[in-house]
Each structure stands twice: as structure tokens, then as C-alpha cells.
Amino acid sequence: MVYFENVNKIKYEGPNSNNPFAFKFYNPEEVINGKTMEEYLRYGVAYWHTFTQDLTDPFGAGTAIRPWHQYTGMDLAKARVEASFEFFEKLGVPYFCFHDIDIAPEGSTLKESNQNLDVIVSMIKDYMKDSKVKLLWNTANNFTNPMFVHGAASSSNADVYAYAAAKVKKQLEIGKELGGENYVFWGGREGYETLLNTDMKLEQDNLGRFFHMAVDYAKEIGFDAQFLIEPKPKEPTTHQYDFDVATGHAFLQNYGLEKHFKFNIEANHATLAGHTFEHELRYARVNGLLGSVDANQGDPLLGWDTDEFPTDLYSTTLAMYEIIKNGGLGAGGLNFDAKVRRGSFETDDLFHAHIAGMDSFAVGYKVANQLIEDKVFENLMEDRYKSYTSGVGLDIVEGKTDFKKLEEHALGLTEITNKSGRLESIKATINQYLLRAYAGK
Ligand code: XLS
Ligand code: CA
Ligand code: CA
């Protein structure tokens with residue numbers, strides 16, 4: 001069956017095209033720094049937002065009109081697989097991502113859920129054989145089922161902990177089966193609502209033990225995907241243990257896990273944590289922890305996780321700057337963990353939204369690349385931190401000084417001169433690069 005009858009393969013038509021079903025800036029074949037955009041940007045579709053959910057919000061029922069809604073149960077799951085591969089091919093994305101319950105319905109027992117998964121996974125495997133599309137990452141949804149009311153690996157109930165482990169075990173096996181390049185742990189309800197009933201130390205220790213068991217099991221079955229932790233500060237719990245990258249980094253170090261994990265950084269989670277997207281990317285990059293990206297954006301006027309498609313070119317530019325400086329994302333990619341708005345309920349909107357996201361990151365990529373080629377930030381920083389390249393500054397950087405020597409230096413100073421940080425000028429330069437990028441500069 002054909003699910004998206006009125007849509008043909010999406011092509012690059014350039015910035016002057018008015019076709020809503022065409023890329024204006026993302027040209028998969030364009031080579032930048034020796035790699036095509038398709039190879040470098042490694043876009044992925046999030047199964048849960050695009051095929052599984054129906055645009056329900058806390059105040060209203062689902063609005064999405066989808067051609068697979070005529071089915072139920074396992075037939076629905078199968079129809080979604082068919083539709084998803086048609087969508088991936090038409091859009092031309094190289095990757096997809098899923099949670100266990102996105103692809104197959106939960107049964108009444110773990111055994112039944114696993115049987116459902118086996119059927120769908122073997123169907124996905126067959127589709128993957130005839131397609132270039134690969135699995136960027138999969139994960140276990142250990143937060144939707146009511147049993148996870150108090151968390152999963154941080155639950156107060158050991159039976160729930162065991163059930164969560166069994167679900168991750170199954171997903172690690174599926175990741176191996178489908179050749180997944182990464183495996184993601186987002187701490188769904190790994191956090192707390194109140195400290196009044198929470199043993200924080202036990203919960204975090206248990207979480208540490210859980211990750212060690214996951215690492216051991218992946219090794220045992222020969223699944224060598226990159227493990228990723230996805231931080232989020234709050235929602236659904238009041239306080240999530242993987243608050244942001246720095247908190248996650250400390251956690252990994254505390255539990256001796258730092259060699260096994262990198263981070264999957266989501267833009268909307270960064271802003272919920274009170275950071276910019278680029279802050280999280282920068283912190284991860286300079287600490288060698290940048291693994292993959294959930295490419296979306298939040299709404300600055302709303303305080304929750306709106307998972308919008310990324311269209312803010314300023315943000316995609318600064319994000320791509322970090323990614324290029326990181327030498328790319330390695331095994332990671334740019335997964336559109338984003339949903340169309342509740343009012344955008346037609347299937348065409350799914351294409352328009354992904355095209356918008358892919359074009360926005362393509363623009364960000366080109367602009368960031370030009371900024372780097374012209375050493376805009378590099379020259380500025382070289383000048384700004386010049387005092388550390390000789391004299392007392394070089395001694396500090398090389399660890400050749402102490403408080404007594406620094407005091408001696410300070411006592412000898414008659415005048416201290418600072419230089420302007422030039423923030424407004426830098427912002428104007430970024431605007432200039434953004435506007436020039438497609439104006440045939
Ligand atoms: C939710 C998260 C989730 C993870 C995967 O806020 O973004 O979708 O990416 O479990
Ligand atoms: Ca995410
Ligand atoms: Ca999110």
C-alpha cells in the first residue's frame with residue numbers, strides 16, 4: 001500500500017523554489033570539506049513523533065489524520081513500518097530512531113511484548129535490506145507504563161527495576177540485530193518529585209549499577225554501539241538525575257562509567273535546564289563527550305518540552321559550529337526529536353516539518369563552516385586570551401607558578417588594562433554571515 005500518494009521523492013530545488021515539497025538549502029549531494037551533506041549531517045526521523053503519537057495534548061484528544069489509523073494492534077504496527085520506510089525513502093533521510101513501544105504494542109506480559117517486538121523487528125530488518133536507511137539508535141520506553149510511576153532504574157520497587165532491566169536487555173539485542181549505531185538512555189522518570197520520600201543515594205547508586213549491567217550485557221552479546229545518556233532537567237519528574245551534561249558527566253565519573261558513555265544532546269532539554277543548546281554542545285565537545293544530537297527547539301514563551309521542529313537559523317548555526325569543531329558527530333547524527341504542532345494535523349505537515357528542519361540545519365552548517373574557514377571566532381579568541389601566551393599567563397597555563405609568585409606579579413602592577421569583549425560587533429558579524437550565505441556573496 002502507498003501511504004503518501006501525493007508526495008514524490010523530495011528533491012533539492014534551491015533557495016528560489018516555491019515548492020513546499022522541495023529542499024531549498026539541503027542539497028544531499030553538495031560536497032563540503034570532502035563530504036556530501038547527506039554523509040555529514042546524518043539526519044534521523046524519530047518514530048515516536050512521526051508515526052506513533054497522534055498529537056494529543058493534556059487538554060485535548062489527538063488531531064492527527066494518518067493513513068494508518070484505519071488499523072489496530074499488530075496490524076497498525078505493521079502499517080506504521082510500511083509507512084515509515086516509504087516516508088524515509090521519500091524524504092531521503094539516512095537514519096531513524098525508536099523506543100520499543102513505538103514500533104510494537106505492549107502485550108499483557110513481558111513475554112508477549114517481546115513476541116510482538118520480534119515480529120515487527122524482523123519486518124523492519126527485511127525493509128532495511130532493501131533500503132539505505134539505518135538505525136541511528138533505539139531505546140526502551142521505561143516511563144509510559146503505569147508500573148514506572150516511581151521511575152525505572154531509580155524506582156523504589158525492585159521488581160520494577162528488574163522489569164526495566166529486562167526491557168533494556170531486549171532493546172540491546174534488537175539494536176545488535178538491526179545494526180544500531182548508538183543506544184540511548186534518556187532517564188524518563190529517573191528523578192524525583194519530592195525529597196520527602198526519596199533515598200537519593202540509593203536511587204543514584206542503583207542507576208549506576210544499572211548502567212554497568214547494560215555495558216556488561218552489550219559486551220557479552222557483542223553489541224558495540226556508542227552508549228549515550230540524554231540529559232533533561234525536569235519533566236516528567238520535578239528533578240531528573242541527568243539534569244544536564246555537566247551533571248551527567250559527574251555521575252559517570254562517580255560511578256566509573258566515563259569510558260563507556262557519551263551524550264545525546266537535545267536542544268529543548270538544554271533550554272529547559274536554563275542553558276543554550278550551544279552551551280550543552282560546547283561543554284560536551286570540550287570534554288570529549290559529544291555523541292549525538294536531538295535536533296529540535298523549544299518555545300521560549302512556554303516552560304515545557306514542546307519538541308518543535310528546528311527552524312531558528314541562529315541556533316542551528318551555533319550548534320553546527322560546535323559539531324564541526326568536534327570533527328562531526330562520529331557515529332551520532334541529527335535526530336529530529338520533534339513533533340508537528342497539534343494544529344498541523346495533515347500528513348503533508350510531516351514532510352513540510354522535516355524539510356524545514358533539514359533545510360535549517362543545512363543553512364546552519366554552511367554558515368558555521370564559513371565562520372570557521374574565516375576564523376571569525378578563532379581570531380577573536382586568540383586576541384582575547386593573548387595574555388596567556390607569554391609571561392605570567394604562560395606560566396599559569398603551563399602550571400609553573402604559585403600564589404606567592406602571582407602575588408609578586410600583582411604587587412608589581414601599576415595599571416590593569418582590559419579590552420572590550422565586542423559582543424555587539426560579534427552578533428552583527430553572525431547576522432552578516434547568515435544573510436550573505438545565500439545572497440550570492
Ligand atoms: C523526552 C526525550 C525522549 C528521548 C528518548 O523528552 O526527548 O524522547 O529522546 O527516550
Ligand atoms: Ca530526545
Ligand atoms: Ca524533548
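Computed from a predicted model, the values in this text were never measured in an experiment.

1. Details of the overall build of the chain
Here comes step 1: Summing up its helical and strand segments, the chain has 16 helices and 14 strands in all.
Here comes step 2: In terms of C-alpha radius of gyration, the chain reaches 24 Å, essentially the compact-globule figure of 22 Å for 441 residues.
Here comes step 3: Burial analysis of the chain (441 residues in total) assigns 50% to the buried set.
Here comes step 4: Long-range contacts, defined as pairs at least 24 residues apart, comprise 77% of the intrachain contacts of the chain with a sequence gap of at least 6.

2. What to know about the environment of Thr 317
Here comes step 1: With respect to the helices, strands and loops of the structure, Thr 317 is situated in helix H11 (residues 313-325).
Here comes step 2: When its relative accessible area of 0% is taken as the criterion, Thr 317 is described as buried.
Here comes step 3: Separated by 100 residues in the primary sequence, Thr 317 and Thr 417 have C-alpha atoms spaced 33 Å apart.

3. Digging into the coordination of the calcium ion (ligand 2)
Here comes step 1: Of the protein atoms, only Glu 230 (OE), Glu 230 (OE), Glu 266 (OE), Asp 294 (OD) and Asp 337 (OD) coordinate the calcium ion (ligand 2), at distances of 2.1 to 3.1 Å.
Here comes step 2: Counting the intervening residues between successive donors of the calcium ion (ligand 2) yields the motif E-x35-E-x27-D-x42-D.
Here comes step 3: Between the two metals, the calcium ion (ligand 2) and the calcium ion (ligand 3), the spacing is 4.6 Å, and Glu 266 donates to both. On the criterion of sequence distance, the pair formed by Glu 230 in strand S10 (residues 226-230) and Glu 266 in strand S12 (residues 261-266) is long-range, its members being 36 residues apart. You'll find Glu 230 and Glu 266 in the same group, each marked buried.

4. Remarks on the packing of aromatic side chains
Here comes step 1: All told, the structure shown has 33 aromatic pairs when counted by the stated rule.
Here comes step 2: Both rings, one in Tyr 43 and one in Phe 336, keep their centres 5.2 Å apart while their planes meet at 35°; by these two values the pair is tilted. Of the two residues, Tyr 43 is situated in strand S5 (residues 43-46) and Phe 336 in strand S14 (residues 334-336); the sequence distance between them amounts to 293 residues.
Here comes step 3: A residue is classified by how much of its surface remains accessible, and Tyr 43, at 1% relative accessible area, is buried.
Here comes step 4: Centroid distance Phe 211 to Phe 251: 5.9 Å. Interplanar angle 85°. Geometry classified as edge-to-face. Of this pair, Phe 211 sits in helix H7 (residues 200-221) while Phe 251 sits in helix H8 (residues 245-254), placing them 40 residues apart in sequence. The pair Phe 211 / Phe 251 is uniform in exposure class, with both members buried.
Here comes step 5: Here the aromatic cluster, defined as three or more aromatic residues joined through ring pairs, consists of Phe 4, Phe 21, Tyr 47, Phe 51, Trp 68, Phe 85, Phe 87, Phe 88, Phe 96, Phe 98, Tyr 127 and Phe 351.
Here comes step 6: Sitting over the face of the ring of Tyr 433, Arg 436 holds its NZ or CZ atom 4.8 Å from the ring centroid.

5. Observations regarding the sheet that holds S5
Here comes step 1: Spatial ordering of the closed barrel is given by S5-S6-S7-S8-S10-S12-S13-S14, a layout of eight strands whose pairing is parallel. The mean inter-strand angle of the sheet, taken between neighbouring strand axes irrespective of direction, is 30°.
Here comes step 2: Here strand S6 (residues 95-99) runs beside strand S7 (residues 134-139); their pairing, made up of five bridges, is parallel. The residue of S7 that forms the bridge with Phe 96 is Leu 135.

6. Digging into the site of ligand 1
Here comes step 1: Trp 48, His 99, Trp 137, Trp 186, Glu 230, Lys 232, Glu 266, His 269, Asp 294, Asp 305 and Asp 337 make up every residue found near ligand 1.
Here comes step 2: At 2.7 Å from an oxygen atom of ligand 1 is found a side-chain nitrogen or oxygen belonging to Glu 230.
Here comes step 3: A total of 300 Å² of accessible area belongs to ligand 1 in isolation, and the protein chains cover 93% of it.
Here comes step 4: Split by residue class, the shell around ligand 1 holds three nonpolar, two polar and six charged.

7. Points about the environment of Ile 65
Here comes step 1: Residue placement: Ile 65 occurs in the loop between helix H2 (47-52) and helix H3 (73-91).
Here comes step 2: Sequence-distant contacts of Ile 65, that is, excluding residues within four places in its chain, are made with Phe 345, Glu 346 and Thr 347.

8. Re the coordination of the calcium ion (ligand 3)
Here comes step 1: Taken together, the protein ligands of the calcium ion (ligand 3) are Glu 266 (OE), Glu 266 (OE), His 269 (NE2), Asp 305 (OD), Asp 305 (OD) and Asp 307 (OD), with distances of 2.1 to 3.1 Å.
Here comes step 2: For the calcium ion (ligand 3), the six donor atoms are set out with angles of 45 to 158° between them, so the coordination reads as irregular.

9. Let's talk about the nonpolar core
Here comes step 1: Counting residues in hydrophobic clusters, the biggest one holds 113 residues, and the most contacted among them are Leu 41, Tyr 43, Leu 91, Phe 96 and Leu 334.
Here comes step 2: Apart from the residues lying within four places of it in its own chain, the contact partners of Leu 334 are Leu 41, Arg 42, Tyr 43, Gly 44, Val 293, Ala 295, Met 320, Ile 323, Leu 329 and Phe 361.
Here comes step 3: With eight residues, the next largest nonpolar core counts Trp 48, Cys 97, Val 184 and Leu 228 among its residues.

10. Comments concerning the pattern of salt bridges
Here comes step 1: Applying the stated criterion across every chain, the model contains 17 salt bridges.
Here comes step 2: Two residues, Glu 181 and Arg 42, come together in a salt bridge whose shortest N-O distance is 2.8 Å. Highlighted residues: Glu 181 in the loop between helix H6 (158-177) and strand S8 (182-186) and Arg 42 in the loop between helix H1 (37-41) and S5, separated in sequence by 139 residues.
Here comes step 3: For Arg 42, a relative accessible area of 15% puts it in the buried group.

11. Digging into the pairing of S10
Here comes step 1: Burial analysis of S10 places four of its five residues in the buried class, the great majority of the element.
Here comes step 2: Inspection of the sheet shows S8 paired to S10 by five bridges, in the parallel sense. Looking across to S10, one finds that Trp 186 is bridged to Glu 230.
Here comes step 3: As paired elements, S10 and S12 share three bridges and run parallel to each other. If you follow Phe 227 over to S12, its bridge partner there is Phe 261.

How each quantity is defined
- Residues numbered from 1 in each chain as written.
- Chains lettered and ligands numbered in written order.
- Predicted model: local features only at pLDDT ≥ 70, side-chain atom pairs only at ≥ 80, totals over all residues.
- Heavy atoms only, no water.
- Helix = DSSP H or I, 4+ residues; strand = E, 2+ residues; numbered from the N terminus.
- Rg over C-alpha atoms; globule rule 2.2 N^0.38 Å.
- Buried < 20%, exposed > 50% of the residue type's maximum accessible area, 1.4 Å probe, protein only.
- Contact = heavy atoms within 4.5 Å.
- Donors = N, O, S within 2.8 Å, 3.2 Å for Na, K, Ca; no water.
- Phe/Tyr/Trp six-rings, centres within 6.5 Å; stacked < 30°, edge-to-face > 60°.
- Lys NZ or Arg CZ within 6 Å of the ring centre and 35° of its normal.
- Pairing = 2+ DSSP bridges.
- Axes fitted to C-alpha atoms, helices over the stretch in contact; angles between N-to-C directions.
- Near = heavy atom within 4 Å.
- Polar contact = N/O pair within 3.5 Å; in protein donor to acceptor, adjacent residues only side chain to side chain.
- Areas by Shrake-Rupley, 256 points an atom, 1.4 Å probe, with all protein chains shown as cover.
- Nonpolar A, V, L, I, M, F, W, Y, C, P; charged D, E, K, R; others polar.
- Tetrahedral: all angles 85-135°; square planar, octahedral: opposite > 155°, others 65-115°.
- Core = buried A, V, L, I, M, F, W, Y, C linked by side-chain atoms within 4.5 Å.
- Salt bridge = Lys/Arg side-chain N within 4 Å of Asp/Glu carboxyl O.

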